[in-house]
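Geometric and topological summary
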Amino acid sequence: MAPNFALISPVIAEFVGTFMLVFTVGCNLLGKTPSDWAPTSIACTLMVMIYGFASVSGGHLNPAVTMAHVFARKIPVQKAIAYVAAQLLAGIAAAAAYR
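These notes cover the structure that comes with them. Positions within a chain are numbered from 1, following the residues in the order the chain's sequence is written. Note on the predicted model: pLDDT of at least 70 is required for a residue's local features to be given, and 80 or more for side-chain atom pairs to be given and counted; whole-chain, interface and lining totals, by contrast, use all residues. The side-chain figures draw on all heavy atoms in the structure; neither hydrogens nor water molecules are used.

Our focus in this paragraph is the packing of aromatic side chains. Pairing of aromatic side chains here covers Phe, Tyr and the six-membered ring of Trp, requires ring centres within 6.5 Å, and sorts the geometry by plane angle: under 30 degrees stacked, over 60 edge-to-face, intermediate tilted. Within the structure shown, the criterion is met by 3 aromatic pairs. Pairing Phe 15 with Phe 19 gives two aromatic rings, centres 6.4 Å apart and planes at 20 degrees, and the pair type is stacked. In this pair, Phe 15 and Phe 19 both sit in helix α1 (residues 8-30), 4 residues apart, roughly one turn of the helix. By relative accessible area, which is 21% here, Phe 19 ends up partly exposed. Pairwise contacts between aromatic rings join Phe 15, Phe 19, Phe 23 and Tyr 98 into one cluster. Secondary structure elements follow DSSP: runs of H or I of four or more residues count as helices, runs of E of two or more count as strands, with numbering from the N terminus. Three exposure classes are used, based on accessible area relative to the maximum for each residue type with a 1.4 Å probe and protein chains only: buried under 20%, partly exposed in between, and exposed over 50%.

This next bit is on the packing of α1 against helix α2 (residues 38-57). Where α1 meets α2, the closest approach of the two axes is 10 Å, and the angle between their N-to-C directions is 180 degrees. By the criterion of interaxial angle, the relationship of α1 to α2 is roughly antiparallel. Only Ala 38, Ser 41, Ile 42, Thr 45, Leu 46, Met 49, Phe 53, Val 56 and Ser 57 of α2 make contact with α1, whose side of the interface consists of Ser 9, Pro 10, Ala 13, Glu 14, Val 16, Gly 17, Met 20, Leu 21, Thr 24, Val 25 and Asn 28. Residues belonging to the contact of α1 with α2 are distributed by class as follows: 12 nonpolar, 7 polar and 1 charged. The axes are straight lines fitted to the C-alpha atoms, using for helices just the contacting stretch, and the angles between their N-to-C directions are given from 0 to 180°. Should an angle fall under 35 degrees it is taken as roughly parallel, and over 145 as roughly antiparallel, whereas 65 to 115 is taken as roughly perpendicular and any remaining angle as oblique. The contact criterion used is simple: two residues touch if any of their non-hydrogen atoms lie within 4.5 Å. Under the grouping applied here, Gly and all other residues not named as nonpolar or charged are polar, the nonpolar ones being Ala, Val, Leu, Ile, Met, Phe, Trp, Tyr, Cys and Pro and the charged ones Asp, Glu, Lys and Arg.

If you want it as structure tokens, here you go:
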């Protein structure tokens, strides 16, 4: 089976966007960011990642959003599996980056 190169850019976009989102949440928790600003920085990161990657991958950045698109039949299951795998790996990588 030949690799699907059309899927590489969207999967990388999902990985990078999810990594940045999870990393931002963790940095806010570990850095003891004041409760007034933590949600703002998380929301700004999410906004920038979605704005930047929406045209590449749809800017899901969350397995729940990806699954909602599958159930609504907006993306194929093969693409959803790749997205969810990238999102989960990005979350693990972001968690590992805190050390």
